[in-house]
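# An overview of the molecular structure
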Amino acid sequence: MSQQVRNAEVARRTNETDIKLAFGVDGTGEVAIETDVPFMNHMLDLFAKHGQFDLKVEARGDVDIDDHHTVEDIGICLGQVLREALGDKAGIKRYASVFVPMDEALAQVIIDISNRPHFELRADFPSATVGSFSVELVHEFLWKLALEARITLHVIVHYGRNTHHMVEAVFKALGRALDEATSIDPRVKGVPSTKGVL
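Everything numeric in this text was worked out from a predicted model, so none of it was measured.

Quick look at the environment of Glu168 now. Topologically, Glu168 is positioned in helix H4 (residues 163-182). On the basis of relative accessibility, which here comes to 8%, the residue Glu168 falls in the buried class. C-alpha of Glu168 to C-alpha of Met102: the two residues are 66 residues apart in sequence and 7.2 Å apart in space. In this view, Glu168 contacts His42, Met43, Leu46 and Met102; residues no more than four positions away in its chain are not counted.

A complete count under the given rule lists 13 salt bridges for this structure. In this structure, Arg6 engages Asp26 in a salt bridge whose closest nitrogen and oxygen atoms are separated by 2.6 Å. Of this pair, Arg6 sits in the segment before strand S1 (7-13) while Asp26 sits in the loop between strand S2 (17-24) and strand S3 (31-34), and the two are 20 residues apart along the sequence. Owing to a relative accessible area of 5%, Arg6 belongs among the buried residues under this scheme. A relative accessible area of 45% places Asp26 in the partly exposed class. Here Lys144 makes a salt bridge to Glu140, at a shortest N to O gap of 2.7 Å. Residue Lys144 and its partner Glu140 are located together in helix H3 (residues 136-149), separated by 4 residues, close to a single helical turn. As far as burial versus exposure is concerned, Lys144 and Glu140 are alike and both buried. Counted as one network, the salt bridges with shared partners bring together Glu34, Asp36 and Arg60.

With respect to topology, 4 strands assemble into an open sheet ordered S1-S2-S4-S3, the strand pairing being mixed. The open sheet has two edge strands, S1 and S3, and neither has a second partner. Each adjacent strand pair in this sheet contributes to an overall mean axis angle of 5°, direction not counted. With 8 bridges connecting them, S2 and strand S4 (residues 54-61) associate as antiparallel partners. Bridging from a neighbouring strand, Thr17 pairs with Gly61 of S4.

How each quantity is defined
Residues numbered from 1 in each chain as written. Predicted model: local features only at pLDDT ≥ 70, side-chain atom pairs only at ≥ 80, totals over all residues. Heavy atoms only, no water. Helix = DSSP H or I, 4+ residues; strand = E, 2+ residues; numbered from the N terminus. Buried < 20%, exposed > 50% of the residue type's maximum accessible area, 1.4 Å probe, protein only. Contact = heavy atoms within 4.5 Å. Salt bridge = Lys/Arg side-chain N within 4 Å of Asp/Glu carboxyl O. Pairing = 2+ DSSP bridges. Axes fitted to C-alpha atoms, helices over the stretch in contact; angles between N-to-C directions.

This is the structure:
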């Protein structure tokens, strides 16, 4: 039985942002990212490389106001393409829990590809910014990703002193957890739910 190609792309244009995003679940970590938010470029690169996803992002936004709309809309677009690429979700592992250290910081990401959007973040970041990037946008991005992908996403930063390290650990763990949860388990027949549908 041949496996379906799990790719999707989206274009989203508003008065605030103009985004084109393409995503491949079963990729090799091939990345082409160009946004107006350099720190987000770095985090998306980490996410895709550690998840072995193919990711292409072109995003322009009203960063003269702030980075909020651009980061939020990238999260929306990524969630939409993830949901589309997974199709009926037949054969996936569905769940994953991954710990990733980054020097002194330790992050954990737990995922259920549930078709029930929910997001929890437990993190005590020492600083409000990393360079010019507002750390509250980490929550905004992850929440919109979970909402649009219709996944249950729990993120816990157990400890850390350096905010950059803590956020970086989150995005690496997100990539690895999503890779595991979306991977095909040959033992799974159909959809991994007693309901028969996700």
